[in-house]
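# Examining the three-dimensional arrangement
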Amino acid sequence: MYDETGWVFPSARGKAVSDSTISKLLRENGIGCVPHGMRSSLRDWAAECSDARREIAEHCLAHGEGSASELACRRTDYFERRRALMQQWAEYISG
């Protein structure tokens with residue numbers, strides 16, 4: 001669950017944790033991957049193994065999609081759909 005900042009893993013300043021911090025934690029804990037590789041794995045899995053729409057998978061990665069006018073008009077964050085996809089991903093990676 002996320003806290004009042006809206007982040008699942010907020011930094012000490014209440015903002016997103018930096019890539020370098022995540023990389024350091026992975027390295028220190030002997031986890032043989034990098035943040036981008038984890039993100040790429042999620043995206044490949046969503047395309048290959050789920051029925052999630054492309055825009056839902058892209059929003060899980062915080063990627064904007066569409067023209068500037070489309071992005072200005074589309075206000076949804078697909079929260080419930082992202083939650084469902086991320087739960088499927090958690091079940092997949094935890095085996």
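Everything in this summary refers to the structure shown in the same document. (Residues numbered from 1 in each chain as written. Predicted model: local features only at pLDDT ≥ 70, side-chain atom pairs only at ≥ 80, totals over all residues. Heavy atoms only, no water.)

### Describing the packing of aromatic side chains
Applying the stated criterion across every chain yields a total of 3 aromatic pairs. Between W45 and Y92, the ring centres sit 5.7 Å apart and the planes meet at 35°, which makes this aromatic pair tilted. With W45 in helix α2 (residues 35–49) and Y92 in helix α5 (residues 79–93), this pair connects stretches of sequence that are 47 residues apart. W45 sits in the buried class, given a relative accessible area of 7%. Between W89 and Y92, the ring centres sit 5.9 Å apart and the planes meet at 20°, which makes this aromatic pair stacked. Here W89 pairs with Y92, and both are found in helix α5, just 3 residues apart, close to one helical turn. (Phe/Tyr/Trp six-rings, centres within 6.5 Å; stacked < 30°, edge-to-face > 60°. Helix = DSSP H or I, 4+ residues; strand = E, 2+ residues; numbered from the N terminus. Buried < 20%, exposed > 50% of the residue type's maximum accessible area, 1.4 Å probe, protein only.)

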